[in-house]
Amino acid sequence: FDGELSWMSRDEFADFCEAHSTLNDGEPFEARIEAIDVAGDAASAKVVNQELGTWYTDFLSLLKIEGEWRIVNKVYFAHTTV
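Residues numbered from 1 in each chain as written. Predicted model: local features only at pLDDT ≥ 70, side-chain atom pairs only at ≥ 80, totals over all residues. Heavy atoms only, no water.

Which parts of the structure should I look at to understand the environment of Asp 41?
Here Asp 41 lies in the loop between strand S1 (30-39) and strand S2 (42-51). Look at Asp 41 and you get partly exposed, because its relative accessible area is 47%. Each C-alpha atom, one on Asp 41 and one on Trp 69, is 8.3 Å from the other, the two residues being 28 residues apart in sequence. Not counting the four nearest positions on each side in its chain, Asp 41 is found in contact with Leu 62, Leu 63, Lys 64 and Trp 69. (Helix = DSSP H or I, 4+ residues; strand = E, 2+ residues; numbered from the N terminus. Buried < 20%, exposed > 50% of the residue type's maximum accessible area, 1.4 Å probe, protein only. Contact = heavy atoms within 4.5 Å.)

Looking at this structure, how should I read the environment of Asp 37?
With respect to the helices and strands, Asp 37 occurs in strand S1. Taking C-alpha positions, Asp 37 is 9.8 Å from Ser 61, a pair spaced 24 residues apart along the chain. Once residues lying within four places of it in the same chain are set aside, the contact partners of Asp 37 are Ala 42, Ala 43 and Ser 44.

So this is what it looks like as structure tokens:
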């Protein structure tokens, strides 16, 4: 983000999202799934979303654990322009 590598644990990321979420204050939020690839109980998804005035491309790794899909990794790119 802003040219720097950032890393957060799951809990740190959840706390960050909760502290910076605009979903309940009327700010616009837009997201779209651009790709999903599934092989057995593993999958990847490409999601593009806009939050806090910035567009992001998220690459998500998912595993099906006890019958439910769980995100196990997220790598993203913050666009300066789209």
